[in-house]
Each structure stands twice: as C-alpha cells, then as structure tokens.
Amino acid sequence: PLHGLSSNQTMSDDLATRRKQWDAGELLSETQREAITQIGLLLAERPVPAKCVPEPDAGTDKTDLQAFETLFYEAEAQDLQDLSEFTGHLEDLRTVRDLCDEFLNEVKSACNHLNALRRQREVVVHKTQSLHGECDSLLHEQVELEDQVLEIEQTLAQFDEFESIQRQFNSPTFSVTSTHFLPLLARLDDAIAYFSINSQYCESQDHVRKLKQLQHRGLSLIKNHVTSTLRSTAAKLHTQLQESGSTSDAAITVAQFRTVAPTLKALVDEIHRRIEQAPELEGLMAECRAVYTQQRRLLIGDSVSQQLAALVAANDLPRLLRAGGSALVDLCHQEHGLYSHFMPSVSDEHVEELLAPFGTVLHDSVRVNILKENEVIALCNLIDILQLEILQEMVEARGPSVQAVRPLFCRLLADVQERVIFRAQTYIHDAIASFEPTAKDFDYPNLLQRSSQAPSKATPSSTPAPTPAPTPTPSEQPPTTNGSAVGEAGQGAGGAEAAAAGGEGVEAGNPTPEIESSASPPGQDKAATPADASPTTPASLATVAGGEGDGGSVYDTWFPVLPRTLIFLSRLYNCVERQVFESLAQEAVCVCTSSLVSAGKTVAKQQGDMDGILFMIRHLLILREQIVPFDINFQTTEMALDFTNMKEALQHLLRQNRGAFFAWGSHNALLELVQQGAPRVLTRSRDSKKDLERELRQSCEAFIMLCTKAIVEPVLSFLTKAAALSQSSGTETLRQHAFAQPDKVAEMIQKLTSAVDAKAPGISSKLGLYLSNPVTRSILVKPIKTNIVEAYTRVHTCLLTAYTTEEFASLSAPKPAEVGYQLDSLLT
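Note that the coordinates shown come from a computational prediction; the quantities given were computed from them, not determined experimentally. (Residues numbered from 1 in each chain as written. Predicted model: local features only at pLDDT ≥ 70, side-chain atom pairs only at ≥ 80, totals over all residues. Heavy atoms only, no water.)

Undergrad: How would you explain the overall build of the protein chain if you had to name every residue and give the values?
TA: Along the protein chain, the regular secondary structure elements total 26 helices and 2 strands. Classification of the 828 residues of the protein chain by burial places 39% in the buried group. Within the protein chain, counting contacts between residues at least 6 apart in sequence, those at least 24 apart form 78% of the total. Taken as a whole, the protein chain presents about 46300 Å² of accessible surface, with 55% of it coming from carbon and sulfur. (Helix = DSSP H or I, 4+ residues; strand = E, 2+ residues; numbered from the N terminus. Buried < 20%, exposed > 50% of the residue type's maximum accessible area, 1.4 Å probe, protein only. Contact = heavy atoms within 4.5 Å. Areas by Shrake-Rupley, 256 points an atom, 1.4 Å probe, with all protein chains shown as cover.)

Undergrad: Let's hear about the packing of helix H23 (residues 742-770) against helix H24 (residues 774-802): which residues, and what values?
TA: Following both chains from N to C, one finds H23 and H24 inclined at 180°, their axes separated by 12 Å at the closest point. If you check the angle between H23 and H24, you find them roughly antiparallel. Taken together, the residues of H24 that come into contact with H23 (itself represented by Val-745, Met-748, Ile-749, Leu-752, Leu-767 and Gly-768) are Arg-777, Leu-780, Val-781, Tyr-792, Val-795 and Leu-799. Here the residues of the contact of H23 with H24 sort into 10 nonpolar, 1 polar and 1 charged. (Axes fitted to C-alpha atoms, helices over the stretch in contact; angles between N-to-C directions. Parallel < 35°, antiparallel > 145°, perpendicular 65-115°, else oblique. Nonpolar A, V, L, I, M, F, W, Y, C, P; charged D, E, K, R; others polar.)

Undergrad: Residues and numbers for the packing of aromatic side chains, please.
TA: Tallied over the entire structure, the rule returns 18 aromatic pairs. On the basis of an interplanar angle of 85° and a centroid distance of 5.1 Å, the ring pair of Tyr-573 and Phe-581 is categorised as edge-to-face. On the accessibility criterion, Phe-581 (1% relative accessible area) is buried. Ring geometry for Phe-581 and Phe-630: centres 5.4 Å apart, planes at 50°, overall tilted. Within this pair, whereas Phe-581 is found in helix H18 (residues 578-607), its partner Phe-630 is found in the loop between helix H19 (609-627) and strand E1 (635-642), the two being separated by 49 residues in sequence. Through pairs of rings, three or more aromatic residues link up here, namely Phe-435, Phe-442, Tyr-444, Phe-559, Phe-615 and Tyr-770. Across from the ring centre of Phe-257, 5.1 Å away, lies the NZ or CZ of Arg-296, which sits over that ring. (Phe/Tyr/Trp six-rings, centres within 6.5 Å; stacked < 30°, edge-to-face > 60°. Lys NZ or Arg CZ within 6 Å of the ring centre and 35° of its normal.)

Undergrad: Quick rundown of the pattern of salt bridges? Include the residues and the values.
TA: In the structure shown here, the tally under the stated rule is 21 salt bridges. A salt bridge links Arg-94 to Glu-91; its shortest N-O distance comes to 3.4 Å. Here Glu-91 and Arg-94 lie together in helix H3 (residues 64-169), a separation of 3 residues that amounts to about one turn. For Glu-91, a relative accessible area of 40% puts it in the partly exposed group. A salt bridge links Arg-97 to Asp-98, with the nearest nitrogen and oxygen atoms 4.0 Å apart. Relative accessible area serves as the criterion here: at 39%, Asp-98 is assigned to the partly exposed category. Shared partners join several salt bridges into a network, and the residues in it are Asp-189, Glu-270, Arg-273 and Arg-274. (Salt bridge = Lys/Arg side-chain N within 4 Å of Asp/Glu carboxyl O.)

Undergrad: Explain helix H8 (residues 282-313) residue by residue, including any values.
TA: At Ile-300, H8 shows its maximal bend, which comes to roughly 50°. Asn-315 lies just past H8 and shows a positive phi near 55°. (Bend = angle between axes of the 7 residues up to and from the residue.)

Undergrad: Tell me what's going on with the side chain of Thr-227, and back it up with residues and numbers.
TA: Tracing the sequence through the fold places Thr-227 in helix H5 (residues 204-244). Assessed through its relative accessible area of 6%, Thr-227 is described here as buried.

Undergrad: So what's going on with the nonpolar core? Residues and values would help.
TA: Core analysis: the biggest nonpolar cluster contains 123 residues, and Phe-409, Ile-617 and Phe-703 have the highest contact counts within it. If sequence neighbours within four positions are ignored, Phe-703 has contacts with Met-610, Ile-613, Leu-614, Ile-617, Ile-763, Leu-767, Leu-780 and Ile-784. Core analysis: the next-biggest nonpolar cluster, separate from the first, contains 43 residues, Ile-165, Leu-184, Ile-222 and Leu-267 among them. (Core = buried A, V, L, I, M, F, W, Y, C linked by side-chain atoms within 4.5 Å.)

Undergrad: Please provide a residue-by-residue account of unusual backbone geometry, values included.
TA: The omega torsion of the bond from Tyr-444 to Pro-445 falls at 5°, within 30 degrees of zero and hence cis. Within the secondary structure, Pro-445 is located in the loop between helix H12 (406-433) and helix H13 (446-453). Non-glycine residue Asn-315 carries a positive phi angle of around 55°. Mapped onto the fold, Asn-315 is located in the loop between H8 and helix H9 (317-342). Residue Asn-315 is classed as exposed on the basis of its relative accessible area of 60%.

Undergrad: Go over a nonpolar patch on the surface, please, and point to the residues and values.
TA: The grouping of Phe-68, Phe-72 and Tyr-73 at the surface amounts to a nonpolar patch, some 340 Å² of accessible area in total. Given the relative accessible area of 39%, Tyr-73 is considered partly exposed. (Patch = residues over 30% accessible without salt bridge, like charges linked within 9 Å, V, L, I, M, F, W, Y side chains within 5 Å.)

Undergrad: Could you give an account of the confidence of the model for the protein chain, with specific residues and numbers?
TA: Regions with low pLDDT carry predicted coordinates that are not meant to be interpreted in detail. A residue-level look at the protein chain finds 75% of positions with pLDDT of 70 or above and a mean pLDDT of 76. The low-confidence segment residues 1-6 (pLDDT under 50) makes 3 contacts with residues lying over four places distant or belonging to another chain. (pLDDT = per-residue confidence, 0-100.)

Undergrad: Give me a negative patch on the surface: which residues, what numbers.
TA: A cluster of acidic side chains, namely Glu-141, Glu-144, Glu-146, Asp-147 and Glu-151, defines a negative patch on the protein surface. Position of Asp-147 relative to the elements: it lies in helix H3. A residue is classified by how much of its surface remains accessible, and Asp-147, at 46% relative accessible area, is partly exposed. (Lys, Arg positive; Asp, Glu negative; His and termini not counted. Charge placed at Lys NZ, Arg CZ, Asp CG, Glu CD.)

Undergrad: Tell me about the environment of Ile-763, and name the residues and values.
TA: Summarising the element assignment, Ile-763 is placed in helix H23. On the accessibility criterion, Ile-763 (3% relative accessible area) is buried. Residues Ile-763 and Leu-826, spaced 63 residues apart in sequence, show a C-alpha to C-alpha distance of 9.2 Å. In this structure, Ile-763 is in contact with Met-610, Phe-703, Cys-707, Ile-711 and Leu-827, ignoring residues within four places of it in sequence.

Undergrad: I'd like to hear about the environment of Phe-174, residue by residue, with values.
TA: Note that Phe-174 resides in the loop between H3 and helix H4 (181-197). Every residue in contact with Phe-174, bar those within four places of it in the chain, is listed here: Gln-168, Phe-169, Phe-181, Leu-184 and Leu-221.

Undergrad: Just give me the short version of the packing of H9 against helix H10 (residues 348-372), but keep the residues and values in it.
TA: At their nearest, the axes of H9 and H10 sit 10 Å apart, and the two run at 175° to each other. Taken together, the axes of H9 and H10 lie roughly antiparallel to each other. Between H9 and H10, the residues in contact are Leu-317, Leu-320, Leu-321, Gly-324, Gly-325, Leu-328, Leu-331, Cys-332, Glu-335, His-336 and Tyr-339 and His-350, Val-351, Leu-354, Leu-355, Phe-358, Gly-359, Leu-362, Ser-365, Val-366, Asn-369 and Ile-370, respectively. Class assignment of the residues belonging to the contact of H9 with H10 gives a composition of 14 nonpolar, 7 polar and 1 charged.

Undergrad: Tell me about the state of the cysteines, and name the residues and values.
TA: Within the structure shown, the criterion is met by 0 disulfides. Of the cysteine sulfurs around Cys-575, a residue in no disulfide, the closest is that of Cys-380, at 3.8 Å. By relative accessible area, which is 1% here, Cys-575 ends up buried. (Disulfide = S-S within 2.5 Å.)

Undergrad: Can you tell me about the environment of Ser-305, naming the residues and giving the values?
TA: Mapped onto the fold, Ser-305 is located in helix H8. Once the C-alpha coordinates of Ser-305 and Leu-362 are considered, the two residues, 57 residues apart in sequence, prove to be 9.6 Å apart.

Below is the structure:
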C-alpha cells in the first residue's frame, strides 16, 4: 500500500508539476478564470456523491479520526484507480511522440537529400543554358556569315549585270515587243538604284554611267518604235481618206487610230515614269508628243481647215464665232480623249499645242472682222456670244476635257472688249456729245400731245412692266425695254417719275422739292445689281437713235440723246470690266446731262420757259432712275500735271547770268530750277450722278418759282410796298397810301383769283403732259400751292390790320383756306 501510495503520490506530483507547467505556459484569460470560479461555486453547492460518503456502522464504534483516515485512504485509492486510465493513455502518447520524432528525423534527412538534388539540378541547368547560349551565338554567326556571303554574291552579280543585259540588247532577235524587254528595263532600274545608293563601291559611278547609257538606249528603242508606229498608222489612215475622197469620217479615223493606243501607251509609260529620276529623258517624251501632235494634225488638218475656210467665206462674224467655236470645242473634246489613250498624262498645254494652228486661223479671221466692225451693239453681241454661248455653255459645261481652248476664246474676248472700249469712247463723242438735233427733236410739247393721242403699245394698265431677264442672243433679242420705262412709255416719263414717290414735299418758304428715286423695276430689289440682265434691254441702236421703226415708238417722246445713252450703257454693262464700265458710264452720263440741259434751254427759247424746264425735269428724272440699277460709282478722279512752276523757273533761269550756273551754295541756278521748277500734281474729282442731281434740283426749283410768280404776280407789288412801309420810320399807315385803297386792293384780289382760275389749269395740263405720274406731279405742285397760299396769307393779314371790319368785308377777299381749296381743285 505504501508503494502504491508512493506511486500515486509520485503521479500526483507529476500531474501537479505538469499542471503548473501547463498553467505557466498557457495563461487563462479573465473570462476563463471567471468560468472556473463559477464552476467551483456550483460544485461547492452540490452534495458529496453517495459513493464517497461512508455508511454508518452501527456495530463498530469508531472515532471520527479513524473514520476520516479510512475515508481519506479510500478516496485516495479511488482516485488512483480513476487515474490509471490516464496513465496508460500517457504512455501511449509518449510512444507516439517517439515515433513522430523518428519520422521527423527521416523527413529532415529526405529534405537534405532534396536540397542536394536541387543544387545539382541548378548546376546542370546553368551548364545547359551556357551551352544553349554558345549554340545560339554560333548559329547567329553562321547566319551573318551566310548573309555576308549572299550580299557579296548579290554585289558581284550587280557588277556583272551590265555585261549580261548588254549581251541581250545586242542579240539579233531582241526587239521592243519581245517579252524580255520590259523585265530587262526593270533590272536596269534596280542596278542603277543599287549603285546610286552604294556610291562607296569601287567604280560605282562608272557602272551608273554605263547602266544609264544602256537604259537610255532601251528607252530610245521605245521612242523609235512609238514614233514609227504613229507615223505608219497615220499614213495608212491618211491614204484611206485621200482614196475615199472624204474628210468627214473623223469618228472612223479616230477609232482606227485608237486601236494601237494600248500597246503604245504601255511603252510610253515606261519613259514617263522614269523622268522624275532621270530628267534627261524628258526629251524622248517630248519627241513622242511632237510626233503624235504632227500625225494628228496631218489627219484632222484638212477637215478642220476646210470647215473654218467655209465659215470665213460666209462673211458672217457671229456665225463664224458660234460655228467655229463649237467646232473647236468638239475637236478639243475629241483630241483630249484620244490623247489620254496614248499618253500617260494629259495636260491642257499639250492639247492646246495640238490645236494651236486651227485656233490661230480662227483668231486671225475673227480679229480681222472685229477691227472692221464699228457698231457698238454688234461688238457687244460678239461679247455675249463669247461669254455666254461659248465660254459658259460650251467650255464650262463640258468640263476639263475642253479647257485647252479657253485661252483662245479669252484672247478673242479681250480683243473684242478692247475694240468695244475704243468704239464706245468714239460713240460717246460722236453720237451723244456731238449729236446735232433737228427741229423735230425740239418739237415740245407737240411731240407729247401727238404721243398721248396715239394708241400706246405698252401702258401700265394693259401691260405690266416685265422683270429683268437674261439677255437673249442677238437673233432672238426683242426690241423692247424693261423696268419702269416700258410701263410709262406711252404716257411719257411715267416710269422715271414714279421715282419721285418717296419725296417729302416742300415746306413753306422752301421752293425746292425733295425728289428721290426708287430706280428699281417692279419685282426687283432696289439694291439689286443687274448681273444676268442689263437694266434696259436694247433694241437696234440705229433705230433708237433715229426714233423710227417698230422699236422706236417706245422712245418717241424722249430726246434722242437719252435713249442712246441708256441703251449704250445697258449693252455695255456686262461686256467690259466694272472699272472700265464705271469710267465710260461716268463720261456718258455727264455728256448726256449736259446735252439734255442744253436741249432744255433751246426748248425754252422756242416754246417758253415752262416747256424748257419741264423738258429737263422729265428727261433728267428718266436718266436718274435708269442709271441707279447699275449700282456703280459715278465719281472719277482726274489727275494732271501743272507745269506753271517749271515755266516760271525756266524764265528765271534764262534771265540769270552765266556765272549763276556754276555758283556754289543754294543760289545755283540749276539747283533752283530743280527745287522750284518741279511740276505740281492737280487732282480733281467729279461725280456725274451728283451733277445730274444738281441739274434736276435746279430745274425743279426754277419750275416752282416760275409757276408761283405767274400766279402771285398781281400781289407781289403790294407785298413789296407793304414790307417797305413796315420797315420805314414814318407815321403813315397802309390805309393812307394810294396802292392800298379799297378799289386798288379789290382789283388786286380779283386779278389774283383770275390768275388762279386762268393759269392753274394750264400749269396742271402742262404737268400732266410732261409728267404722267400723279405722285411726281403732287411733289412739284405742293410747294407751288404753299408759296401761293403763303403770299396771299400775308396780303390777307395786312388787310385785316389796315382796314376795319366793314371795309374789309366790302373787299370780298376770300380766306387763305378758300384760296387753298381753289388751288387744290385746279392745280393737280
């Protein structure tokens, strides 16, 4: 038992030791400690197990000490018995631990062996990689050596290329049409490019020179083949045309000539694509083009020459321009297409060179007739044909294929414009400035009366004014005018007079009406510029100038200078450049204005001042309105040299002695001549439109004053004397003078009312005869009425002041308003 106790005691110590070690190694957390404490409290409350409580022995009386000892030993034995299971398990765990230690040792040994194998593998891999690198280096060196060998072989082959190609060129069977020809040219190009790049090789420049000579030889063979083929084909077709005796089979010859185009174009392209690298080959290309041009002229020359000769023989310049231009445009289109089948690139210069002889024939023929033409209208018609029918409808409409003939027609247009400018200046001088009117031209107002009585061909009520339209061709051009002038032609200058509709009238005391011009025809914007149509569509200029014929009726009531100027400007508007037209228009308007003013003075001498003034107002209004749509600058600046200073300086120089010529200083005669004798530049600006406006304004003012004076003449003397009396310092009153006596005043008022009744209808009828537009008449009549009423109002005021009510009533003087009503009813 003691041994058992000792053993148990040892086990307990061992367990206690292990528990301490466990507790020391594994510290419990606060939560775990609290849980253990709670478990201890619960166990304290539980009763002792029944097996641990000894049964009371009634027959034995033991003491408490013995009972406790017995109980202790039994409990200890029971604990030891309970711990036996744990002890066996502990031994098993120790055995397993030992086995694990042995297994761990074995694993460590295996790891050591594996590490040794890994180190050995790394050594093997390193050695293998070194071997592979050495193999790659050897392989790369082998490839480089092979490339060098190949490059050397190619270089040596390029050095041998010249002899190889030269032998083939010298072969008797070699020709341009052979299948080996074009590849040989490609090999030559490669060899030349190779030696050009590698100029460091020995004798590379010599090889380039030899190869280029051989290349030039091959391309010369192409040139010879192309030119010989063109010549033989053209000669064959020319012979066929001569045998057939017809030169009109142009389409057939073009089709036959085109059959050789594909082969020749491929060969010519070999020359063309090498020109950029070898500019000296341009000569071969130029020879091919020259031979092509020569042979094409041979084939088409007879046909085109006969056609142009027939047109020239007809002696009809417009027909020559139309037909000749159309023929050249068609020929240019045909040759442009054919040229593109033979040559790799087509330019307008090449086609223009081909057609140059035919264009020269047409240009010379037309120019001769242009220089013979003196009529401005005919020259303007030629410009219309060139601009509209040929350049616009033929050349521009057909695109790039006919642009080669544009320079020819532009030269013709410049020649015609130069001629028309010269003839325009002559026309302004001869037909406008130097116009000599006849007695019939000054037959106003009888001319207007006859026109108003005759049936009008175009009136505002029957025929609306047409909108400007594109100018038709000369053969279709109507002998009418457009715009406002047509609508009022039968009634005078009504279209022009409508321009005065914007006037603001005349204030009292201002005798000048403010007349403005709307100038634009109906349906056209006021600021619009006539681009496609002239402001006035012309009739025959000769008809208009003479005022006869069917078209002349529109201008029957106009002074001949006016329609000449307007039609001249309308036809010239689209025919010359804007700056040139502005200069001519300024000169024409200035001359026309001067001529109309001079004619108005003549009419005033023959028919009276009123007819002369109304004549000027009528025609100046028409001229002002009709020039506005041109929308140009009528102002010109003239510059001239004034040599007055030079003349005076030369005279002063001649008066000086000879020594002054060689004097030193500022008194040298020659130096003074240079300083003081330089001519002066004089600048003068002139605006013909403003001059026209000024003449019109002066005419209106003169008419207003003339009419006012004619009616208020009876009261002028009274007003003059009354004004002088009011300014005098005397004490006499108006009533005391003889001119202010009631009978004299009554007679004056009677004359005034009689003048209104007698002269106002005459003025109104004159206005209606010269100016048919009521708006224009109202603008001119308004200041006349105002002046008359103002003059009578002053008389009426004087009478009211000088006379008593009974005396004034005995005069039977009307009120100013009544005079105004009377003027309104009579003066319209």
